Amino acid sequence: MGLSALIALIGFILAGLQALILPLNPLNVIVHNTYYVVGHFHLMIWTIIVVGYVSILLDMLSSKMNGATLSSLGAGMVNGGVIMWTIGALLLGYTMSFAGYEGLIRRWVAYPIKFLSYMDWMTMFAMIMGASFVMYGLPVLLTLLGIKTSAFWETSGITGVSASGSVPGIMAEKNDPNPEGQNTGNLSSDLRDINKSN
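Residues numbered from 1 in each chain as written. Predicted model: local features only at pLDDT ≥ 70, side-chain atom pairs only at ≥ 80, totals over all residues. Heavy atoms only, no water.

**Student:** Lay out the overall build of the protein chain in plain terms, naming residues and giving numbers.
**Tutor:** Scanning the protein chain from terminus to terminus reveals six helices and two strands. Helices (α) and strands (β) of the protein chain occur, in sequence order from the N terminus, as α-α-α-β-α-α-β-α. Put simply, 67% of the contacts in the protein chain that link residues at least 6 apart link residues at least 24 apart. Accessible area for the protein chain stands at about 10600 Å²; split by element, carbon and sulfur atoms hold 68% of it. (Helix = DSSP H or I, 4+ residues; strand = E, 2+ residues; numbered from the N terminus. Contact = heavy atoms within 4.5 Å. Areas by Shrake-Rupley, 256 points an atom, 1.4 Å probe, with all protein chains shown as cover.)

This is how it looks when you write it as C-alpha coordinates:
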(Lines give C-alpha, C1' and ligand atoms only; values in the text may rest on other atoms or scores of the structure.)
Protein backbone atom coordinates (compact mmCIF):
# COMPACT_ATOMS: atom_id res chain seq x y z
CA MET A 1 0.00 0.00 0.00
CA GLY A 2 2.80 2.39 0.93
CA LEU A 3 4.73 1.54 -2.22
CA SER A 4 1.74 2.48 -4.41
CA ALA A 5 1.38 5.83 -2.65
CA LEU A 6 5.12 6.54 -2.99
CA ILE A 7 5.11 5.64 -6.70
CA ALA A 8 2.05 7.87 -7.26
CA LEU A 9 3.91 10.79 -5.65
CA ILE A 10 7.11 10.18 -7.63
CA GLY A 11 5.07 9.76 -10.83
CA PHE A 12 3.33 13.06 -10.16
CA ILE A 13 6.70 14.78 -9.82
CA LEU A 14 8.13 13.18 -12.99
CA ALA A 15 5.00 13.94 -15.02
CA GLY A 16 4.86 17.46 -13.60
CA LEU A 17 8.47 18.20 -14.51
CA GLN A 18 7.66 17.29 -18.07
CA ALA A 19 4.89 19.92 -18.12
CA LEU A 20 7.09 22.83 -17.03
CA ILE A 21 7.78 23.89 -20.62
CA LEU A 22 4.14 23.91 -21.68
CA PRO A 23 3.22 27.35 -20.27
CA LEU A 24 6.31 28.97 -21.84
CA ASN A 25 5.24 30.33 -25.23
CA PRO A 26 8.63 30.10 -27.01
CA LEU A 27 8.90 26.41 -26.05
CA ASN A 28 5.22 25.53 -26.29
CA VAL A 29 5.28 26.41 -30.00
CA ILE A 30 7.62 23.48 -30.57
CA VAL A 31 5.46 20.87 -28.82
CA HIS A 32 1.93 22.24 -29.18
CA ASN A 33 -0.48 19.65 -30.63
CA THR A 34 2.19 16.94 -30.65
CA TYR A 35 2.65 13.67 -28.83
CA TYR A 36 4.63 15.60 -26.20
CA VAL A 37 1.34 16.79 -24.72
CA VAL A 38 -0.17 13.31 -25.08
CA GLY A 39 2.81 11.81 -23.24
CA HIS A 40 2.48 14.31 -20.39
CA PHE A 41 -1.25 13.70 -20.05
CA HIS A 42 -0.86 9.93 -20.01
CA LEU A 43 1.98 10.06 -17.49
CA MET A 44 -0.28 11.98 -15.13
CA ILE A 45 -3.17 9.57 -15.64
CA TRP A 46 -1.08 6.40 -15.43
CA THR A 47 1.01 7.36 -12.43
CA ILE A 48 -0.81 9.59 -9.99
CA ILE A 49 -4.38 8.65 -10.81
CA VAL A 50 -4.20 4.90 -11.51
CA VAL A 51 -1.47 4.01 -9.00
CA GLY A 52 -2.83 6.49 -6.46
CA TYR A 53 -6.29 4.93 -6.66
CA VAL A 54 -4.78 1.46 -6.25
CA SER A 55 -3.16 2.69 -3.03
CA ILE A 56 -6.43 4.19 -1.79
CA LEU A 57 -8.42 1.08 -2.74
CA LEU A 58 -5.98 -1.25 -0.96
CA ASP A 59 -6.16 0.91 2.16
CA MET A 60 -9.97 0.89 2.04
CA LEU A 61 -10.05 -2.90 1.61
CA SER A 62 -7.64 -3.32 4.52
CA SER A 63 -9.82 -1.11 6.73
CA LYS A 64 -12.98 -2.95 5.66
CA MET A 65 -11.33 -6.24 6.62
CA ASN A 66 -10.33 -5.12 10.14
CA GLY A 67 -6.74 -4.25 9.32
CA ALA A 68 -5.92 -7.31 7.20
CA THR A 69 -2.64 -7.02 5.34
CA LEU A 70 -1.63 -8.41 1.99
CA SER A 71 -0.22 -11.93 2.15
CA SER A 72 3.15 -12.63 0.55
CA LEU A 73 1.35 -13.69 -2.66
CA GLY A 74 -0.89 -10.61 -2.64
CA ALA A 75 1.96 -8.22 -1.82
CA GLY A 76 4.17 -9.79 -4.49
CA MET A 77 1.49 -9.49 -7.16
CA VAL A 78 0.45 -5.94 -6.23
CA ASN A 79 3.96 -4.55 -5.68
CA GLY A 80 5.44 -6.34 -8.70
CA GLY A 81 2.52 -5.25 -10.87
CA VAL A 82 2.68 -1.62 -9.72
CA ILE A 83 6.45 -1.47 -10.31
CA MET A 84 6.08 -3.02 -13.78
CA TRP A 85 3.17 -0.66 -14.52
CA THR A 86 5.22 2.37 -13.49
CA ILE A 87 8.25 1.36 -15.56
CA GLY A 88 6.02 0.75 -18.60
CA ALA A 89 4.14 4.02 -18.04
CA LEU A 90 7.30 6.10 -17.69
CA LEU A 91 8.90 4.52 -20.76
CA LEU A 92 5.71 4.92 -22.78
CA GLY A 93 5.01 8.48 -21.65
CA TYR A 94 8.55 9.68 -22.25
CA THR A 95 8.70 7.88 -25.62
CA MET A 96 5.50 9.70 -26.61
CA SER A 97 6.96 12.98 -25.44
CA PHE A 98 10.26 12.49 -27.25
CA ALA A 99 8.40 11.57 -30.44
CA GLY A 100 6.32 14.72 -30.01
CA TYR A 101 9.46 16.81 -29.55
CA GLU A 102 10.76 15.24 -32.77
CA GLY A 103 7.58 16.41 -34.52
CA LEU A 104 5.03 13.60 -34.22
CA ILE A 105 1.72 15.42 -34.52
CA ARG A 106 -1.28 13.86 -32.80
CA ARG A 107 -4.47 12.96 -34.66
CA TRP A 108 -2.85 12.23 -38.01
CA VAL A 109 -4.60 9.77 -40.29
CA ALA A 110 -1.28 8.25 -41.41
CA TYR A 111 1.97 8.78 -39.55
CA PRO A 112 5.23 9.41 -41.44
CA ILE A 113 7.53 6.39 -41.75
CA LYS A 114 10.21 7.97 -39.55
CA PHE A 115 7.87 7.65 -36.53
CA LEU A 116 7.04 3.95 -36.98
CA SER A 117 9.83 2.84 -34.66
CA TYR A 118 8.39 5.14 -31.96
CA MET A 119 4.99 3.55 -32.49
CA ASP A 120 6.49 0.06 -32.18
CA TRP A 121 8.20 0.97 -28.89
CA MET A 122 4.99 2.56 -27.59
CA THR A 123 3.13 -0.66 -28.38
CA MET A 124 5.69 -2.79 -26.51
CA PHE A 125 5.59 -0.53 -23.45
CA ALA A 126 1.78 -0.61 -23.51
CA MET A 127 1.92 -4.43 -23.55
CA ILE A 128 4.13 -4.35 -20.43
CA MET A 129 1.50 -2.15 -18.80
CA GLY A 130 -1.28 -4.52 -19.83
CA ALA A 131 0.48 -7.52 -18.27
CA SER A 132 1.20 -5.59 -15.10
CA PHE A 133 -2.42 -4.44 -14.86
CA VAL A 134 -3.50 -8.08 -14.73
CA MET A 135 -0.82 -8.71 -12.10
CA TYR A 136 -1.91 -6.02 -9.65
CA GLY A 137 -5.56 -5.95 -10.65
CA LEU A 138 -6.23 -9.64 -10.02
CA PRO A 139 -5.88 -9.56 -6.21
CA VAL A 140 -7.97 -6.39 -6.00
CA LEU A 141 -10.71 -7.65 -8.32
CA LEU A 142 -10.92 -11.08 -6.70
CA THR A 143 -11.10 -9.45 -3.27
CA LEU A 144 -13.96 -7.21 -4.39
CA LEU A 145 -15.76 -10.23 -5.83
CA GLY A 146 -15.05 -12.30 -2.72
CA ILE A 147 -13.17 -15.06 -4.54
CA LYS A 148 -10.11 -16.70 -2.91
CA THR A 149 -9.66 -13.66 -0.71
CA SER A 150 -7.55 -15.42 1.90
CA ALA A 151 -4.93 -16.19 -0.73
CA PHE A 152 -4.22 -12.46 -0.96
CA TRP A 153 -4.93 -11.18 2.58
CA GLU A 154 -3.99 -12.22 6.09
CA THR A 155 -4.76 -11.02 9.59
CA SER A 156 -2.81 -11.62 12.78
CA GLY A 157 -2.95 -15.34 13.54
CA ILE A 158 -4.85 -16.16 10.34
CA THR A 159 -2.84 -16.82 7.20
CA GLY A 160 -3.15 -18.54 3.86
CA VAL A 161 -5.84 -20.64 2.28
CA SER A 162 -7.97 -23.13 4.19
CA ALA A 163 -7.22 -26.83 3.96
CA SER A 164 -10.28 -27.42 1.80
CA GLY A 165 -8.99 -24.89 -0.74
CA SER A 166 -12.42 -23.31 -1.24
CA VAL A 167 -12.47 -20.09 0.69
CA PRO A 168 -15.43 -17.74 0.52
CA GLY A 169 -14.33 -14.15 0.14
CA ILE A 170 -14.27 -11.68 2.97
CA MET A 171 -16.62 -9.36 1.14
CA ALA A 172 -19.10 -12.19 0.43
CA GLU A 173 -22.06 -12.83 2.73
CA LYS A 174 -21.98 -16.44 3.96
CA ASN A 175 -23.48 -18.38 6.87
CA ASP A 176 -21.00 -18.89 9.70
CA PRO A 177 -20.02 -22.61 9.68
CA ASN A 178 -18.00 -22.15 12.89
CA PRO A 179 -20.30 -20.92 15.68
CA GLU A 180 -17.76 -21.76 18.43
CA GLY A 181 -15.29 -19.14 17.14
CA GLN A 182 -12.35 -21.50 16.57
CA ASN A 183 -9.59 -20.59 14.13
CA THR A 184 -10.58 -22.64 11.10
CA GLY A 185 -8.05 -21.33 8.60
CA ASN A 186 -11.00 -19.88 6.70
CA LEU A 187 -10.31 -16.17 6.63
CA SER A 188 -13.94 -15.13 6.12
CA SER A 189 -15.39 -16.94 9.10
CA ASP A 190 -12.37 -16.19 11.29
CA LEU A 191 -12.73 -12.45 10.60
CA ARG A 192 -16.42 -12.66 11.49
CA ASP A 193 -15.43 -14.34 14.78
CA ILE A 194 -12.97 -11.52 15.48
CA ASN A 195 -15.75 -8.99 14.83
CA LYS A 196 -18.09 -10.81 17.23
CA SER A 197 -15.51 -10.84 20.00
CA ASN A 198 -14.88 -7.09 19.64
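Resuming the write-up.
**Student:** Could you give an account of a nonpolar patch on the surface, naming the residues involved and the relevant values?
**Tutor:** Where nonpolar side chains cluster on the molecular surface, the patch consists of Leu9, Phe12, Ile13, Leu17, Leu20, Ile48, Ile49, Tyr53, Ile56 and Met60 and spans about 980 Å² of accessible area. When contributions to the nonpolar patch are tallied by element, the ones reaching two or more residues are helix 1 (2–18) and helix 3 (35–64). The element contributing the most residues to the nonpolar patch is helix 3, with five residues. The residue isoleucine 13 is located in helix 1 in this model. Using a relative accessible area of 44% as the deciding quantity, one classes isoleucine 13 as partly exposed. (Patch = residues over 30% accessible without salt bridge, like charges linked within 9 Å, V, L, I, M, F, W, Y side chains within 5 Å. Salt bridge = Lys/Arg side-chain N within 4 Å of Asp/Glu carboxyl O. Buried < 20%, exposed > 50% of the residue type's maximum accessible area, 1.4 Å probe, protein only.)

**Student:** I'd like a rundown of the nonpolar core, residues and numbers included.
**Tutor:** One finds Met122 and Trp153 to be the most contacted residues of the largest nonpolar core, which totals 33 residues. Mapped onto this core, the elements with two or more residues apiece are helix 1, helix 3, helix 4 (72–101) and helix 5 (116–145). Setting aside chain neighbours within four positions, we find methionine 122 in contact with Tyr35, Leu92, Thr95, Met96, Ala99 and Leu104. (Core = buried A, V, L, I, M, F, W, Y, C linked by side-chain atoms within 4.5 Å.)

**Student:** Describe the side chain of glutamine 18, naming the residues involved and giving the relevant values.
**Tutor:** The topology assignment puts glutamine 18 in helix 1. Once residues within four sequence positions are removed from consideration, glutamine 18 is found in contact with Tyr36, Gly39, His40, Leu43, Gly93, Tyr94 and Ser97.

**Student:** Break down the packing of aromatic side chains for me, with residues and values.
**Tutor:** Taken as a whole and assessed by the stated rule, the structure comprises eight aromatic pairs. Centre to centre, the rings of tryptophan 85 and tyrosine 136 are 5.7 Å apart; their planes meet at 90 degrees, and the pair counts as edge-to-face. Of this pair, tryptophan 85 sits in helix 4 while tyrosine 136 sits in helix 5; the two residues are 51 residues apart in sequence, bridging distant segments of the chain. In terms of burial, tryptophan 85 and tyrosine 136 fall into one category: buried. Seen in terms of ring centroids, phenylalanine 133 and tyrosine 136 are 5.6 Å apart; in terms of plane orientation they differ by 80 degrees. Their pairing is edge-to-face. (Phe/Tyr/Trp six-rings, centres within 6.5 Å; stacked < 30°, edge-to-face > 60°.)

**Student:** Give me the lowdown on the environment of lysine 114, citing residues and values where you can.
**Tutor:** Among the secondary structure elements, lysine 114 is positioned in the loop between helix 4 and helix 5. Overall, lysine 114 belongs to the exposed group, its relative accessible area being 55%. For the pair lysine 114 and alanine 99, spaced 15 residues apart in sequence, the C-alpha to C-alpha distance is 10.0 Å.

**Student:** Help me get a handle on the packing of helix 1 against helix 4, residues and values and all.
**Tutor:** For any two helices packed against each other, the geometry comes down to the angle between their axes and how far apart the axes lie. At a minimum axis separation of 11 Å, helix 1 and helix 4 run at an interaxial angle of 5 degrees. Considering their axes alone, helix 1 and helix 4 lie roughly parallel with respect to each other. Seen from helix 1, the contacting residues are Leu3, Ser4, Ile7, Leu14 and Gln18; seen from helix 4, they are Asn79, Val82, Ile83, Thr86, Leu90, Gly93, Tyr94 and Ser97. Classifying every residue of the contact of helix 1 with helix 4 gives seven nonpolar, six polar and no charged. (Axes fitted to C-alpha atoms, helices over the stretch in contact; angles between N-to-C directions. Parallel < 35°, antiparallel > 145°, perpendicular 65-115°, else oblique. Nonpolar A, V, L, I, M, F, W, Y, C, P; charged D, E, K, R; others polar.)

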